[in-house]
Amino acid sequence: MKQDDKVELINYLAFLHNKMTRLSIRLFVQGEDTTEIDKARNRLNKEIDKLRTDIAKQWRGRAENVMGDLRKLNNRAQTIIRDLDQAADKAQKVTKVLSLFDKGLNLVKGLIV
Amino acid sequence: MIHREVFVKALAKFCLALVVTGCATTPPDPQPFQQFLDATSQVAQSADQAIALEYEQSLAAYENRFRTGEEKDISKLFLAFDPKGVFDVAYNDEPVFIAIGEQRRQLVKLNQLATEYAALLFRIVGSSGAYDVAEQAKALNTETGKLMASVKELTGAEASAPSSRLEKVDATALLSTAFATAAKAYIENKRRKDLTELLKLGQPVMDTYGDLGQVIARSASASLKVQYSNQFRALVQTDRKDVKAVLALNDTFLKQLKLLRELDGAFQALPQEHARLTAAVAASAEVSFRSLIERAKVLKALYEELAKANAAATVK
């Protein structure tokens, strides 16, 4: 069963549990015996817990895969940042060198008549 | 003798060639990335708070079952050893609160990685690069200008009046300025290309992350509904006339449910907003995350309200 179907099922079981609880409360308020309905509620409670445990286990397996993918993405992002920083650093160095070259050219330009 | 006009023309052509090699672009707007980071961080925090709440209630319900005698078999909590894994232990029949606790531990790691991803996207947009190069060139140009003024003073070159055509072309720091402009264009192009590629790779991952978050919100909702029904039933059993206690229980439950509803919506919106981020970088369009940010704000407010209510209940 797919995880989405299990999530839908557990919510439906919670709805049934709510209906049974309502019945139990009404019987109790009227002074009736609620033993049987409460036993049924508890059984359903345990089934819901089992399903919740199953959903959590399946979720953990899927999350493990996504974490692996996110680690790869983050490594790639760090490489991109490093590359951009290095490109900017190189560009700054070249700009400095060219600026010195500019000074030289301007000196020559100033002397040319 | 080299003529000044020819010399300056040659320089200008060289610089133009440098600029043309890189298509001048502007960097992507960092604001949507900042908003995406803030929203991801808030949604992750709320998801953790939601599952923490489910864990606490689930543990309390489990303990209560032993107290009331509904559950008698404590051997379920007995750890079993694995013959293959020297340090591996496990529950034969994992109780629900243990499963939720494990899920929470993994969710914390998953959220950290997702928030780190959003932070790295923001860093790519806002990392150093062309701006620094342009600033560097500007500073150097000023220095060069000052130096040239002193040289002119010393050599007396200032005395010779430049021709009217030469006045239109400032040859001071032409090469460095042209290079800085070309480098800026190159870096910005690279930034956009790499970012677009990364966002495309990240889209299916964010889709699954959003789905996993919705599973958390929806399954926690089922658990809390069952806990609510049980607590209500227990309250009626104790005192069938305590309206105040019943209303307080209802109020807390409604707040919890509202928090989970918002969380579900936020996890649904997260991959959609990520997709819009991709489109915004590719098309240089403005993008707004208003809906996601509003959801994140609502989540924060709801949690704070719930935390206050819980604190008040604990004091009582």
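Structure report, in brief. (Residues numbered from 1 in each chain as written. Chains lettered and ligands numbered in written order. Predicted model: local features only at pLDDT ≥ 70, side-chain atom pairs only at ≥ 80, totals over all residues. Heavy atoms only, no water.)

**Quick notes on the overall build of chain B**
Helix and strand counts for chain B stand at eight helices and two strands. N-terminal to C-terminal, the α/β element order of chain B is α-α-β-β-α-α-α-α-α-α. Split into buried and exposed, the 316 residues of chain B put 46% on the buried side. Restricting to contacts in chain B with at least 6 residues of sequence separation, those with at least 24 account for 83%. A total accessible area of about 16900 Å² is found for chain B, and carbon and sulfur atoms account for 58% of it. (Helix = DSSP H or I, 4+ residues; strand = E, 2+ residues; numbered from the N terminus. Buried < 20%, exposed > 50% of the residue type's maximum accessible area, 1.4 Å probe, protein only. Contact = heavy atoms within 4.5 Å. Areas by Shrake-Rupley, 256 points an atom, 1.4 Å probe, with all protein chains shown as cover.)

**Notes on the interface of chain B and chain A**
Of the residues lining the interface, 81 residues belong to chain B; the matching set on chain A comes to 66 residues. Interface area for chain B against chain A, summed over the two sides, is near 7000 Å², with a carbon-plus-sulfur share of 67%. Contact with chain A buries surface across chain B, with Q106, L113 and R233 of chain B losing the most and accounting together for 10% of the total. Counting across the interface, chain B meets chain A through six salt bridges. The salt bridge involving R233 of chain B is made with D38 of chain A; its shortest N-O contact spans 3.4 Å. (Buried area = accessible area lost by both parts, 1.4 Å probe. Salt bridge = Lys/Arg side-chain N within 4 Å of Asp/Glu carboxyl O.)

**A few points about a nonpolar patch on the surface**
Residues and elements named next belong to chain B. Taken together, the side chains of L79, F81 and V89 define a hydrophobic patch exposed on the protein surface, amounting to about 320 Å² of accessible area. Secondary-structure assignment places F81 in strand β1 (residues 79–81). The class of F81 is exposed, set by a relative accessible area of 70%. (Patch = residues over 30% accessible without salt bridge, like charges linked within 9 Å, V, L, I, M, F, W, Y side chains within 5 Å.)

**Structural notes on the packing of aromatic side chains**
Taken as a whole and judged by the stated rule, the model has seven aromatic pairs over all chains. An aromatic cluster is built from Y55, Y62, F66 and F97 of chain B, whose rings are joined through pairwise contacts. (Phe/Tyr/Trp six-rings, centres within 6.5 Å; stacked < 30°, edge-to-face > 60°.)

**Considering the side chain of Q3 of chain A**
With respect to the helices and strands, Q3 of chain A occurs in helix α1 (residues 3–29). Within the local environment of Q3 of chain A, its side chain forms a polar contact with the backbone oxygen of I55 of chain A, the two atoms lying 3.0 Å apart. Among residues more than four places away in sequence, those in contact with Q3 of chain A are I55, Q58, W59 and R62 of chain A together with L212 and V215 of chain B. (Polar contact = N/O pair within 3.5 Å; in protein donor to acceptor, adjacent residues only side chain to side chain.)

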